[in-house]
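Spelled out from the first residue to the last, the chains are:
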Amino acid sequence: MGWFLNLVKPKIQSNTESNSPANLWHACPSCSEMIFAKEWELALCVCPKCNFHERISAIARINMLSDVKPKMISLPVFKDDPLGFKDTQNYKDRLKDARKKTQIHDAAIAAEISLDGNKAILFVMDFNFIGGSMGQYVGSAFLQSANLAIAKNIPLIAVTASGGARMQEGIISLMQMPKTVLACQFLRENDVPYIVVLSDPTTGGVIASFASLGDITLSEPNALIGFTGPRVIEETMQIKLEEGFQRSEFQLSHGFVDAIVHRSEMKKELTKILDIFARARENKKERRKNERN
Ligand SMILES: [Zn+2]
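Residues numbered from 1 in each chain as written. Predicted model: local features only at pLDDT ≥ 70, side-chain atom pairs only at ≥ 80, totals over all residues.

Colleague: Looking at this structure, how should I read the overall build of the chain?
Modeller: The helix and strand inventory of the chain stands at 12 helices and 10 strands. Whereas a compact globule of 293 residues would reach a radius of gyration of roughly 19 Å, the chain reaches 21 Å, a difference of no more than 12%. Within the chain, the fraction of its 293 residues that count as buried is 36%. If you take every contact in the chain between residues at least 6 apart in sequence, the share linking residues at least 24 apart comes to 65%. (Helix = DSSP H or I, 4+ residues; strand = E, 2+ residues; numbered from the N terminus. Rg over C-alpha atoms; globule rule 2.2 N^0.38 Å. Buried ≥ 20, exposed ≤ 12 C-beta atoms within 10 Å, placed from the backbone. Contact = placed C-beta atoms within 7 Å.)

Colleague: Explain the domain arrangement of the chain here, please?
Modeller: In many reports, interface size means the accessible area that the parts give up when they come together. Looking at the assigned domains, one finds that the chain contains domain 1 (1–52) and domain 2 (56–292). For domain 1 and domain 2, the distance between their C-alpha centres works out to 30 Å. Every contact between the two is made by 4 residues of domain 1 and, on the other side, 5 residues of domain 2. Of the residues that constitute the side of domain 1 that touches domain 2, the class distribution is 3 nonpolar, 1 polar and no charged. (Domains from an automatic or database assignment. Nonpolar A, V, L, I, M, F, W, Y, C, P; charged D, E, K, R; others polar.)

Colleague: What am I meant to see in unusual backbone geometry here?
Modeller: Leave glycine aside and you will find that most residues have negative phi; peptide bonds, for their part, are mostly trans. Note that the residue after Asp200, namely Pro201, is joined by a cis bond; omega there is -15 degrees. Positionally, Pro201 belongs in strand β7 (residues 194–203). At Leu44, a position not held by glycine, the phi torsion is positive, near 60 degrees. Here Leu44 shows up in the loop between α3 (37–42) and α4 (58–64). Not every positive phi belongs to a glycine, and Asp81 is a case in point at roughly 50 degrees. For Asp81, the location among the structural elements is in the loop between β3 (71–72) and α5 (91–102). For Asp81, a count of 17 C-beta atoms within 10 Å gives the class partly exposed.

Colleague: Whenever I open this one, the pairing of strand β5 (residues 118–125) confuses me. Can you help?
Modeller: Moving residue by residue along a regular strand, the side chains alternate between the two faces of the sheet. Of all 8 residues making up β5, 6 are buried, and the element is well covered by its neighbours. In this sheet, β5 lies alongside strand β4 (residues 108–115) in antiparallel orientation, the contact comprising 8 bridges. Across the sheet, Ile113 pairs through a bridge with Ala120, a residue of β5. Hairpin remark: β4 followed by β5, antiparallel, with 2 residues in the connecting loop; positive phi at Asp116, about 50 degrees. Pairing between β5 and strand β6 (residues 156–162): 4 bridges, direction parallel. From the neighbouring strand, Leu122 faces β6, where its bridge partner is Ile157. The handedness of the β5 to β6 crossover, carried by helix α6 (residues 136–152), is right-handed. (Pairing = 2+ DSSP bridges. Right-handed = clockwise from strand over helix to strand, strands pointing away.)

Colleague: For this particular structure, what's the right way to read the nonpolar core?
Modeller: Generally speaking, nonpolar side chains in soluble globular proteins are found buried as a group. One finds Ala108, Ala120, Leu122, Phe123, Phe142, Leu156 and Ile157 to be the most contacted residues of the largest nonpolar core, which totals 55 residues. Elements that contribute at least two residues to this core include exactly β4, β5, α6, β6, α8 (176–189), β7, α9 (204–207) and α12 (263–292). The biggest single contributor to this core is α6, with 7 residues. Beyond its immediate stretch of four places on either side in the chain, Phe142 contacts Ala108, Phe123, Thr180, Ala183 and Phe210. (Core = buried A, V, L, I, M, F, W, Y, C linked by C-beta atoms within 7 Å.)

Colleague: What's the story with α6 in this structure? I'm lost.
Modeller: At 3.6 residues per turn, the α-helix brings residues three or four places apart onto the same side. For α6, with 17 residues, the first-to-last C-alpha span of 24 Å sits near the 24 Å given by 1.5 Å per residue. For α6, the complete set of buried residues consists of Gln136, Tyr137, Val138, Gly139, Ser140, Ala141, Phe142, Leu143, Ser145, Ala146 and Ala149. Buried residues along α6 sit against β4, β5, β6, α7 (170–174) and α8. Remark: Asn153 follows α6 within two positions and exhibits a positive phi of approximately 55 degrees. (Expected span 1.5 Å × (residues − 1).)

Colleague: Explain the packing of α6 against α8 here, please?
Modeller: In a pair of packed helices, the angle between the axes and the distance between the axes together describe the arrangement. In the contact formed by α6 and α8, the axes pass within 9 Å of each other and the chain directions differ by 10 degrees. One way to sum up the angle between α6 and α8 is to call them roughly parallel. Across the interface between the two elements, Gln136, Val138, Gly139, Phe142, Leu143, Ala146, Ala149 and Ile150 from α6 touch Gln176, Lys179, Thr180, Ala183, Phe186 and Leu187 from α8. The class makeup of the residues in the contact of α6 with α8 is 9 nonpolar, 4 polar and 1 charged. (Axes fitted to C-alpha atoms, helices over the stretch in contact; angles between N-to-C directions. Parallel < 35°, antiparallel > 145°, perpendicular 65-115°, else oblique.)

Colleague: Is there a simple way to think about α12 in this case?
Modeller: Taking 1.5 Å per residue as the helical rise, α12 with its 30 residues ought to reach 44 Å, and the 44 Å between its terminal C-alpha atoms agrees with that figure. Here α12 has its buried residues at Arg263, Leu270, Ile273, Leu274 and Phe277. Where the residues of α12 are buried, they touch β4, β5, β6, β7 and β8 (216–219).

Written out as structure tokens, the structure is:
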């Protein structure tokens, strides 16, 4: 029966994930096209029909963006739930559920990677972990990644995906904004390149801090990038926003993004950028040496 299901596309295009044995088929969340799950995976979770870039896990992203086995970086851990916060659920339970779902400790992970021989520190956020929100862990993870990039004198690449601040950590989450901005300042002072890749969505306190401070800012197609989402703006201002407002293409045309890069091209593009930075830094070193002599 398995071979048959592999070959025949289900006729019903909705509710397919549950009625396909072993999830053989994947319905594109944007155009509902049925795609063989293996094919979807090989296409890096991008729809071959409508180019929709599905949100992916931080672990998948790190594996996707390295030529060699990524060396995971151990990040500082803090006491959970510093404020004893409870909304519809205890924060502690929310963390427990998110950890079980994503298999990571908090909304960001980091690794040392290599792209065509160029080493870099890769910091990646995971939207599946409480909306990729930034609390003490994420802010400190970014700072640690920046410090490591400085210590090793290699570029830092940050792939962002976030709804903003971790509201369950109140003021502590807001304190992560100046902390990460300072980390970007340290990178600059030490002449360490910093590349940002904005993925869908990057909003709130993350776009208002380290996500908008890259030396080079790339974005995946059609990613939502902005401080406040369009729905809230429309409701508050009582206005109708133009189609595509705050999407990557809109941000590119307004100079906020340097280039929009298809997921399948991202590794190649980052390799090119790392090469350019490596050559520029080499030239600079050479110039300084000549000036001294
Ligand atoms: Zn599609």
